[in-house]
Amino acid sequence: MPGMGQSRAVNARLRAPLWFLGQKLLVGSPWSGYPVNRTGDIYACPVGTSKTTFKKLNLQALINILNVTEIKEDMNLGLTLIQNSKTGGFLVGLIQYANNPHVVFNLNTYQTKDEVVKAMEGTYQKGGDLTNTFKAIDNASHVFEKILQDRNHSSYLGYSVAVPSTQSSVYFVAGAPRSNYAGRVVVYGVDSHGNITIVQSQRGKQIGSYFGSVVCSVDVNRDSVTDVLLVGAPMFMNDLKKEEGRVYMFSITKGILDQQELLEGPQGSENARITTLADIDLDGFNDVVIGAPLENQNSGAIYIYNGFQKTIITRYSQKILGSDSAFGQQLQFFGRSVDGHRDLDDDDITGISVSADGNVVLLWSQNIANVSIIASFKPEKISLLNKNTEITVKICFQATFRPAKINNQMAIKYNATLDADLQSSRVTSRGLFKENNERYMQRDLVVRHEENCVHDVFSVQEPSDAVNSLSLCIDIGLENPGSSPVLDIYSPASVAYSICFIKDCGEDELCICDLVLNVQQKADDGKQQFVVSSKNRRIMFNVKLRNKKENAYNTRIQATFSDKLVFASSSLPARDVTCQAQINPLQIGKRSYSASFKKENFRASKELNCKNAKCSTIACKLEDLMLKGEYFVNVSTRIWNGTFAASTFQTLQLSAEAEIYTHNPELFIIGENTLTIPVTIMKPDENAETPVGVVIGSILAGLLLLLVLVAVLWKLSFFKTQYEKMTQDLEDINEITELTKDKD
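What counts, and where the lines are drawn
- Residues numbered from 1 in each chain as written.
- Predicted model: local features only at pLDDT ≥ 70, side-chain atom pairs only at ≥ 80, totals over all residues.
- Heavy atoms only, no water.
- Disulfide = S-S within 2.5 Å.
- Helix = DSSP H or I, 4+ residues; strand = E, 2+ residues; numbered from the N terminus.
- Buried < 20%, exposed > 50% of the residue type's maximum accessible area, 1.4 Å probe, protein only.
- Phe/Tyr/Trp six-rings, centres within 6.5 Å; stacked < 30°, edge-to-face > 60°.
- Patch = residues over 30% accessible without salt bridge, like charges linked within 9 Å, V, L, I, M, F, W, Y side chains within 5 Å.
- Areas by Shrake-Rupley, 256 points an atom, 1.4 Å probe, with all protein chains shown as cover.
- Salt bridge = Lys/Arg side-chain N within 4 Å of Asp/Glu carboxyl O.
- Core = buried A, V, L, I, M, F, W, Y, C linked by side-chain atoms within 4.5 Å.
- Contact = heavy atoms within 4.5 Å.
- Pairing = 2+ DSSP bridges.
- Axes fitted to C-alpha atoms, helices over the stretch in contact; angles between N-to-C directions.

Chemist: Looking at this structure, how should I read the state of the cysteines?
Modeler: Note on terminology: disulfide describes a covalent bond linking the sulfur atoms of two cysteines. Per the stated rule, a full pass over the model turns up 3 disulfides. Across a sulfur-sulfur distance of 2.0 Å, Cys396 and Cys453 are joined as a disulfide pair. Across the S-S bond of Cys396 and Cys453 the torsion is about 105°, and the bridge reads as right-handed. Of this pair, Cys396 sits in strand S26 (residues 389-402) while Cys453 sits in strand S30 (residues 452-460); the two residues are 57 residues apart in sequence, bridging distant segments of the chain. Residue class for Cys396 comes out buried when judged on its relative accessible area of 8%. A sulfur-sulfur separation of 1.9 Å characterises the disulfide bridge that pairs Cys505 with Cys511. The sign of the S-S torsion, about 90°, decides the handedness of the disulfide formed by Cys505 and Cys511: right-handed. Its relative accessible area of 24% is what places Cys511 among the partly exposed residues.

Chemist: For this particular structure, what's the right way to read the packing of aromatic side chains?
Modeler: Given two aromatic rings, one states the distance between the centres and the angle between the planes to describe the pair. With the rule as written, the count across this model stands at 13 aromatic pairs. With centroids separated by 5.2 Å and ring planes inclined at 85°, the aromatic side chains of Phe144 and Tyr188 adopt a geometry described as edge-to-face. With a gap of 44 residues between them, Phe144 in helix H3 (residues 133-148) and Tyr188 in strand S10 (residues 184-190) connect regions that are remote in the sequence. On the basis of relative accessibility, which here comes to 5%, the residue Phe144 falls in the buried class. According to the relative accessible area criterion, Tyr188 is buried, its value standing at 15%. On the numbers, 6.3 Å between centres and 85° between planes, the contact of Phe377 with Phe458 is edge-to-face.

Chemist: Mind showing me how you'd approach a nonpolar patch on the surface here?
Modeler: Together, Leu515, Leu517, Val519, Ile539, Phe541, Val543, Leu545, Ile557, Phe561, Leu565 and Phe567 make up an exposed nonpolar region whose accessible area comes to about 1,000 Å². Of all elements in the fold, only strand S34 (515-522) and strand S35 (540-547) reach the threshold of two or more residues within the nonpolar patch. Summarising the element assignment, Leu517 is placed in strand S34.

Chemist: Hey, could you run me through unusual backbone geometry in this one?
Modeler: Generally, phi is negative for residues other than glycine and the peptide bonds are trans, each holding for most cases. Put simply, Lys378 and Pro379 share a cis peptide bond, and its omega is -5°. Note that the residue after Arg402, namely Pro403, is joined by a cis bond; omega there is -5°. Following the sequence through the fold, Pro403 ends up in the loop between S26 and strand S27 (410-418). Even without a glycine there, the phi angle at Phe333 is positive, about 60°.

Chemist: Explain the nonpolar core here, please?
Modeler: The nonpolar side chains of a soluble globular protein tend to be buried with one another. Val371, Ile395, Phe397, Met410, Phe458 and Ile474 are the most contacted members of the largest nonpolar core, which has 34 residues in total. Residue assignment for this core shows that the elements contributing at least two residues are strand S25 (368-378), S26, S27, strand S29 (440-447), S30, strand S31 (470-478) and strand S33 (494-499). Element by element, the count of residues in this core is highest for S26, at 6 residues. Sequence-distant contacts of Ile395, defined by excluding residues within four places in its chain, comprise Ile373, Ile374, Ala375, Tyr414, Asn452, Cys453, Val454 and Ile474. Counting 18 residues, the second-largest nonpolar core is a separate cluster that includes Val228, Leu230, Phe285 and Val288.

Chemist: Looking at this structure, how should I read the sheet that holds strand S16 (residues 273-277)?
Modeler: The strands that make up a sheet pair up through hydrogen bonds in the backbone, lying either parallel or antiparallel. One open sheet accounts for 4 strands, arranged S16-S17-S18-S21; its pairing is antiparallel. One side of each edge strand has no neighbouring strand; the edge strands of this open sheet are S16 and strand S21 (318-321). When strand polarity is set aside, the average angle formed by the axes of neighbouring strands in this sheet is 20°. Alignment of strand S17 (residues 287-292) against strand S18 (residues 301-305), held across 5 bridges, turns out to be antiparallel. In the strand pairing of S18, Ala292 is matched with Ala301.

All quantities given are derived from atomic positions and should not be read as evidence of function.
Here it is in structure tokens:
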């Protein structure tokens, strides 16, 4: 869509339409000369040069009407400005131009005020007599009078006019914004004799809305046949009694106004201007621009609407504000008049000229790019048999440019998102990009007319949802917003692709299942009745679900129960497991068996496993595994107590090893396929065997400790004291012995 580039030209109170003549922009200035002598004039400005100053044409002085006495004061030359396609010139409209516009009253001939008023009421208006403007309305008033119900000529019939055409006829549309207070537009035809035929009329929907003050016929598909008629009601009030304005769009079929729609957007559009644009986006259809000079506190705005086939898209494609900082100043009444029929800068795209109070803004258009996005996957479907499937996605970008140029290119930024829909049943993405282990991937890319492709790889984890396809959403945007070319707003900036899961449901991939649910109460006594007691408080049910047809994915069983019950647990039945093993080869328990055990010393061993002992192998086969199901294989073994009772050890660990594998390892990848199961055997009463080195070391340490103790006691005179005491005791004993002998 058009972007903004502008050059400004200052002029005196620009209020009228704009037009191009050759390489010059013509601007009507009906208030030129104000306040000294307002005559109005036309200004011209060269386009495509560095000059931004308008040149005044002084038409009021150069042009005179022969044999007419003219009064060129307080007139509005340049109020309307229309190009003459046949001659290459232009037509200028003006009001308050008069031929002999005076009436003389001799007040002394009237006696009272009422007589003067009565005389003035009979005055004949001669202003504009030579143009036949009022005379034409007077001649045709009887034709419109019945529809307008306007005997006082206050409906303002002809306030706005448009000329819709068909393949064989030309019609006229006249707006009467004050007809019946709500406004009206009248469609009529004129034959070769000047006879007027009313074809149709449309009345406004709100009193005071000024419906019909602006009309514009649009040939959308450029086949010289009018497709729609736009009618403005700039003073229409919303439900909040705020004046916001409306623009109605009528389709036209053989001069008949048909389907009616509203254009979205314009507000504050009093004195709005509706103008046809010459295919500003180069899609083959003419466009429309609407000026809303009173919007945004009188700074104004313009709205651009694009044509498509035989209509106008009701949502505007671009809105440009008069307060935009790109203009370098705060404009007032931006959008008062608009024109867009010429290429302003030789880039093969129509430019737009917009008038504001004292300024004219030229808006250059930018190149437009339409980027197509195509994604493909390899493999094309996701297999549920593989736990971690890798998918390669190829994303190709290709651009078409308007206008077409050899070296056109644009830098974009694209985002790729996996599982972008994120349904309520899915908390996390089912796929992750391999490069960053995230569900998002962002890259910068330069796209041209030639196809440019990138490859990304993402892995699909074990999916929680295998019914709904995994989606890939790709969003694009400009790497440098505001640069040229710009993205076509009607080309998709976001596309979504999906890759489905292989469901094994036939060629149509549509799973048609037939689920049968059977629920039975499970009682200990086999009866159906259940009596709650202190000893019997658990109620159980057997729930069986069977599928008679094709696979059923995401199947759930939902149980609802009274709030008097409390859910305890649920369990799945065991699946059939077939094992190959020697079960009870010695027939123990079935026949007599005399076991003998060999005494062994396991003190040097910490573990017995298949590497240092003889092992037996048990192989079990599991079939028809369910997705995300849990399966248990219980293996019971007998440990001979006599074996370990006769052996020497304190603690010993027996290690069994379980391994799982698949018959087709190319499809199934198992991360950890081995598991060690330890069993610890202890003999608490077994005395530990002391090594010889430990015994010798202990003896030497004891002797050394004894020598140290003796040395310490000797140092403390322990042995001398004891010797003296022993000597004294011996003397005492001898003395007692001698005394005893003397008594005898």
